[in-house]
Amino acid sequence: MRLDKFLKNARLIKRRTLAKEVADQGRIQINGQPGKAASKLKSGDELRIQFGQKILTIEVKELKETVRKEDAADLYEIKNEEPVNKD
């Protein structure tokens, strides 16, 4: 599944176009490598996403084409959440 579609389905980012913009800005890493919107994800991948003033590290648990709002959080597990360092 594409990175931008996963972020939308998991409801980490509201819209797929916004997920594409975030990826194009270099604010997402997949297993330590820069992620692009079209990058293919698989279960077990680790994503590091910079949201404004925080960095969220998650592990992809499951990939589904359609997800109900209540089940969206089951697609990933939060590993770490840290503030962005302004040095």
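Note that the structure is a prediction, hence the values are computed from the model and not measured.

(A) Structural context of unusual backbone geometry. In this structure, Arg 11 takes a positive phi of about 60° despite not being glycine. Of note, Arg 11 is situated in the loop between α1 (3-9) and α2 (16-24). Overall, the relative accessible area of 43% leaves Arg 11 in the partly exposed class. Positive phi outside glycine occurs at Asn 31, with the angle close to 50°. Mapping Asn 31 onto the fold places it in the loop between β1 (28-30) and β2 (33-34). For Asn 31, a relative accessible area of 43% corresponds to the partly exposed category.

(B) Structural detail: the sheet that holds strand β4 (residues 54-60). Pairing is antiparallel across the open sheet formed by five strands, whose spatial order is β2-β1-β3-β4-β5. Of all the strands in the sheet, just β2 and β5 (76-83) have a single pairing partner and so form its edges.

(C) Focus on α2. If you check which residues of α2 are buried, you get Ala 19, Val 22 and Ala 23. What you see down the axis of α2 is that its buried residues fit within an arc of 100°, all on one side.

(D) Fine view of the pattern of salt bridges. Under the counting rule described, the total for this entry stands at 14 salt bridges. Its salt-bridge partner being Asp 45, residue Lys 42 comes within 3.2 Å of it at the nearest N-O pair. The class for Asp 45 is buried, based on a relative accessible area of 3%. Close ionic contact of Glu 77 with Lys 79 constitutes a salt bridge, the shortest N to O distance being 3.5 Å.

Reading the values: rules and limits
Residues numbered from 1 in each chain as written. Predicted model: local features only at pLDDT ≥ 70, side-chain atom pairs only at ≥ 80, totals over all residues. Heavy atoms only, no water. Helix = DSSP H or I, 4+ residues; strand = E, 2+ residues; numbered from the N terminus. Buried < 20%, exposed > 50% of the residue type's maximum accessible area, 1.4 Å probe, protein only. Pairing = 2+ DSSP bridges. Arc of directions from axis to C-beta. Salt bridge = Lys/Arg side-chain N within 4 Å of Asp/Glu carboxyl O.

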